Amino acid sequence: MQERLIERAKELLSDGTVVRVLGWKQGDLGYNPEPAYFNSPEELKDFVYDGFCGANLSKYMIAAGKMEGNTLVFLKPCDTYSFNQLIKEHRVNREKTYIIGVGCKGTLDIDKIKNAGIKGIESISQDGDTLKIQTIYGEKEFPFNDALLERCTVCKGKTHQVYDELIGAEEGEEAGPAGNRFEMVEKLEAMTPEERFAFWQNELSKCIRCNACRNVCPACSCLKCVFDSNKFDSAQKANVDTFEEQMFHVIRAFHVAGRCTDCGECSRVCPQGIPLHLLNRKFIKDINEFYGPYQAGEDTDSRAPLTDYTFEDVEPGIVTERGGKH
Amino acid sequence: MYQIKKDRLPELFAAMAGTQDLFLPIRKADQTNYGLWTEEVQVDLDTLKTVKSGKDCFFPQSETLYSCKKEDGKLSIDPAKLTDEPFVVFGMRACDVQGLKVLDNVFLNDPVDSFYAARREHGTVVAIACHEPEETCFCKVFGIDAANPAADVAAWFVGEELYWKALTEKGEALTESVKALFTEADESAVEEEKKQIQAIIEKLPFSHLDLSRFTPERTMELFDSPLWEEMFKPCLACGTCTFVCPTCQCYDIKDFDTGSGVQRYRCWDSCMYSDFTMMAHGNMRTSQMQRFRQRFMHKLVYYPANNDGMFSCVGCGRCVSKCPASLNIVKVIKKLGGEA
């Protein structure tokens, strides 16, 4: 498929449809391609599309949309939810974007492979359901499905929500492993408040406030984040006390509630492996229960549950009504 | 040289912790970071690289400098107490030890940073040779020998044994205090281990990066390179690389309103952040390209120019494995150094 993507990108650059391509560039290890712009057909020799192209390119389109000329961007099915949501929020320029929806077999988490004790990785190739990993310490194997990013184990589906053309995405293709994405949220809900607090304390105390989760998040597109402003006490670069430690992520989750498409980038990039997506999923689950099923990024013009009002809306007392289960 | 069976390490830790604080890699919520040893913690010496380096033990991410309190209309100022008790950091790697030397040049030279100096004075570092170096490692490029960590005590894991060798006076003193647990060892097993480590290091993909172009004379040429404009583009402007780095030393000083007073504290800052160079007159770095360039120019050009050629990268590779956009100093060295 990579070759087909490169060929098509070359055509679109050559015929002037676009002046640049936003995709992924071959890294210098077997698993570290980086998001990259390609400005000429020659540069596309470094283009790569494989399981390690997990990076969601939608947010880069905010910047690309402000550049001169049109941009071709490659979006995986779940990335298109983010792009759609950014259209809804008037953050990207659809007219200046040419979207090729690319098929996706699931994206991989190198940390899962490394955590299994596989080190000294030289190259990784796929052989059916197995990853063949060449290392300095000999050849290893790892099941493809065990290496999937968490988000891909609960895949939203293989359908692109917005595109100009599709490559490698077959109509009606089955979604990946369809786990219950609310399983862990349900477990957390079933805990006592003390247990739940201990769970989050344990996780969030690892936070180093690098802001990677915020900066990668397509829903976090404020020009100036309140946490970056030195005019407020909220501008902290360290977890000065436990309040700060707990509040940063909770405030962020509130801010993206109803707009988060559950793309999972926050958890993918966290250097400390904090399952940040669980905060967002709790909101998504509650929104689904209170207002009916809703998927942010499925469309570009509907009114979203949290920005709309109907007489049927739940009353604030709903938390108490359902027995204090929150 | 001494040796102790691996399964007796808990005794060694308890012995060291009996007289002083002991910091070592601890597994918590699926990640390994340095923390204070107690009997309850899960010590993890199998993970080659902790997420954050052991830098925190000497230069914590956040520390209070002094507190101001107002009581009965009277203002009192309480300076934070400097470390005055000995402590041990166990499990650092050769690269992280070199990272401390990079910090020493900054914090121990005039004007001396008294907080850091007090910790350096009282801390004893036990470093472990890297049994199985990883593909992200490139310490060799900076003249560091992962088989011979230059700490107060160097240690090696070979089979079921930990070998232990004091290299400094502080190391001798620590050894003396726990000597009852050790038996005398001969060096042959360790010599064999060292050879194996060095042989692996030779084969690592980044072990032979070319740094010859990063010289003070080329400062302006490198600064003005058009390649920065291309390289910075995927950068998310987060602080991951900075905060996992054993040599990044920049900090910010801020006030925390406690309600009845103020805690003045300092915390790590990142040159990747938009307010990093914010001053009264404004900010002289206005674009992410400039911020990105600063980080690498500092590591590879400015710092060595001011410190007899010592680079302020130690090749630990944490940024290589942690950057959310898969950017890293290796890619920059290759690109600017003419290799890619």
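Basis of the calculations
- Residues numbered from 1 in each chain as written.
- Chains lettered and ligands numbered in written order.
- Predicted model: local features only at pLDDT ≥ 70, side-chain atom pairs only at ≥ 80, totals over all residues.
- Helix = DSSP H or I, 4+ residues; strand = E, 2+ residues; numbered from the N terminus.
- Rg over C-alpha atoms; globule rule 2.2 N^0.38 Å.
- Contact = placed C-beta atoms within 7 Å.
- Nonpolar A, V, L, I, M, F, W, Y, C, P; charged D, E, K, R; others polar.
- Axes fitted to C-alpha atoms, helices over the stretch in contact; angles between N-to-C directions.
- Parallel < 35°, antiparallel > 145°, perpendicular 65-115°, else oblique.
- Pairing = 2+ DSSP bridges.
- Expected span 1.5 Å × (residues − 1).
- Buried ≥ 20, exposed ≤ 12 C-beta atoms within 10 Å, placed from the backbone.
- Arc of directions from axis to C-beta.
- Domains from an automatic or database assignment.
- Core = buried A, V, L, I, M, F, W, Y, C linked by C-beta atoms within 7 Å.
- Right-handed = clockwise from strand over helix to strand, strands pointing away.

Enquirer: Is there a simple way to explain the overall build of chain A in this structure?
Expert: Each helix and strand in chain A was counted, giving twelve helices and eight strands. Computed over C-alpha atoms, the radius of gyration of chain A comes to 21 Å, within 12% of the 20 Å expected from 2.2 N^0.38 for 326 residues, which places it in the range of a compact globule.

Enquirer: I tried to follow the interface of chain B and chain A on my own but got confused; where do I start?
Expert: Often, the extent of an interface is quoted as the loss of accessible area on bringing the components together. With 42 residues of chain B in contact, the opposing surface of chain A contributes 36 residues. Listing elements by their share of the side of chain B that touches chain A, those giving two or more residues are β3 (31-36), α5 (188-203), α8 (240-244), β11 (251-257), β12 (261-268) and α11 (329-336) of chain B. A per-class count over the side of chain B that touches chain A returns 19 nonpolar, eight polar and 15 charged.

Enquirer: Any chance you could explain the packing of helix α6 (residues 183-190) of chain A against helix α11 (residues 277-291) of chain A here in plain terms?
Expert: Geometry of a packed helix pair, given as the angle between the helix axes and the separation of the axes. Residues and elements named next belong to chain A. In contact at an axis separation of 9 Å, α6 and α11 are set at 85° when each is read in the N-to-C sense. Looking at the two axes, α6 sits roughly perpendicular to α11. The segment α6 lies against α11, with M184, V185 and L188 engaging L278, R281, K282 and K285. Per-class residue counts for the contact of α6 with α11 are four nonpolar, no polar and three charged.

Enquirer: Looking at this structure, I do not really get the sheet that holds strand β10 (residues 183-184) of chain B. What am I missing?
Expert: Paired through backbone hydrogen bonds, the strands of a sheet run either parallel or antiparallel to each other. All names here are of chain B. If you trace the eight strands from one edge of the open sheet to the other, you get β3-β2-β6-β7-β8-β9-β1-β10, paired in mixed fashion. Bordering the open sheet on either side are β3 and β10, each of which pairs with just one other strand. As paired elements, strand β8 (residues 153-158) and strand β9 (residues 161-166) share six bridges and run antiparallel to each other. Across the sheet, the residue bridging to A154 is K165, located in β9. Of the strands in this sheet, β1 (2-5), β2 (21-28), β6 (87-92) and β9 touch helix α1 (residues 9-19), which is tilted by about 135° from β2. Across the face of the sheet, helix α4 (residues 169-178) comes into contact with β6, β7 (123-128), β8 and β9 while running at roughly 130° to β9.

Enquirer: Explain α5 of chain B here, please?
Expert: Within an α-helix, residues lying three or four positions from one another point in the same direction, as the helix has 3.6 residues per turn. All names here are of chain B. The terminal C-alpha atoms of α5, which comprises 16 residues, lie 23 Å apart, in line with the 22 Å expected from a rise of 1.5 Å per residue. Those residues of α5 lying buried are V190, I197, I200 and I201. End-on view of α5: buried residues confined to an arc of 105°, all on one side of the axis. Facing away from the buried surface of α5 by more than 90 degrees, the exposed residues are S188, E191, E192, K195, A199, E202 and K203. The secondary structure elements touched by the buried residues of α5 are β8 and β9.

Enquirer: Hey, could you run me through the domain arrangement of chain A in this one?
Expert: All names here are of chain A. Taken domain by domain, chain A comprises domain 1 (1-107 + 154-178), domain 2 (110-147) and domain 3 (180-326). Between domain 1 and domain 3, the C-alpha centre-to-centre distance is 27 Å. Listed as interface residues are 17 residues of domain 1 and, on the opposing side, 15 residues of domain 3. Counting residues per element, the side of domain 1 that touches domain 3 draws most heavily on helix α3 (residues 77-88), which supplies nine residues.

Enquirer: How should I be thinking about the nonpolar core in this particular structure?
Expert: For soluble globular proteins, the rule of thumb is that nonpolar side chains tend to be buried together. Core analysis: the largest hydrophobic core is formed by 168 residues, its most contacted members being A127, C139, A146 and A155 of chain B. Residues within four places of A155 of chain B in sequence aside, it is in contact with V126, A127, I128, L162, Y163 and W164 of chain B.

Enquirer: I would appreciate a short explanation of the environment of F157 of chain B in the present structure.
Expert: Residue and element names in this part refer to chain B. Relative to the helices and strands, F157 is located in strand β8. The exposure class of F157 is partly exposed, given the 18 C-beta atoms found within 10 Å. F157 sits 105 residues away from K52 along the chain, and the two C-alpha atoms are 22 Å apart. If we skip the residues at most four places from it in the chain, F157 touches I128, H131 and L162.

Enquirer: Can you walk me through the domain arrangement of chain B in this structure?
Expert: Residue and element names in this part refer to chain B. As assigned here, chain B comprises domain 1 (2-58 + 78-203) and domain 2 (216-336). Between the C-alpha centres of domain 1 and domain 2 the distance comes to 26 Å. With 21 residues of domain 1 at the interface, the matching set in domain 2 holds 18 residues. Counted by class, the side of domain 1 that touches domain 2 contains eleven nonpolar, five polar and five charged residues.

Enquirer: What's the story with the pairing of strand β3 (residues 71-75) of chain A in this structure? I'm lost.
Expert: Residue and element names in this part refer to chain A. The buried count for β3 comes to five of five residues, which makes it a mostly enclosed element. In β3, alternate side chains face the same way, and those of T71, V73 and L75 on one face and L72 and F74 on the other are all buried. As paired strands, strand β1 (residues 20-25) and β3 are joined by three bridges and run parallel to one another. Its bridge partner lying in β3, L22 is registered against V73. Note that β3 and strand β4 (residues 97-102) share five bridges and pair parallel. Across the sheet, the residue bridging to L72 is Y98, located in β4. Considered for its hand, the β-α-β crossover made up of β3, α3 and β4 is right-handed.

Enquirer: How should the pairing of strand β6 (residues 130-135) of chain A be read in this particular structure?
Expert: Both faces of the sheet carry side chains from a regular strand, because those side chains alternate between them. Residue and element names in this part refer to chain A. Where strand β5 (residues 121-127) meets β6, six bridges bridge the pair, whose relative direction is antiparallel. Bridge pairing links I121 to T135 in β6. Hairpin geometry of β5 and β6 is characterised by an intervening segment of two residues between the two adjacent antiparallel strands and by a positive phi of about 65° at G128. Where β6 lies against strand β7 (residues 138-143), six bridges are found, and the strand directions are antiparallel. Pairing of T135 across the sheet is with G138, part of β7. Linking two consecutive strands that pair antiparallel, namely β6 and β7, is a turn of two residues.

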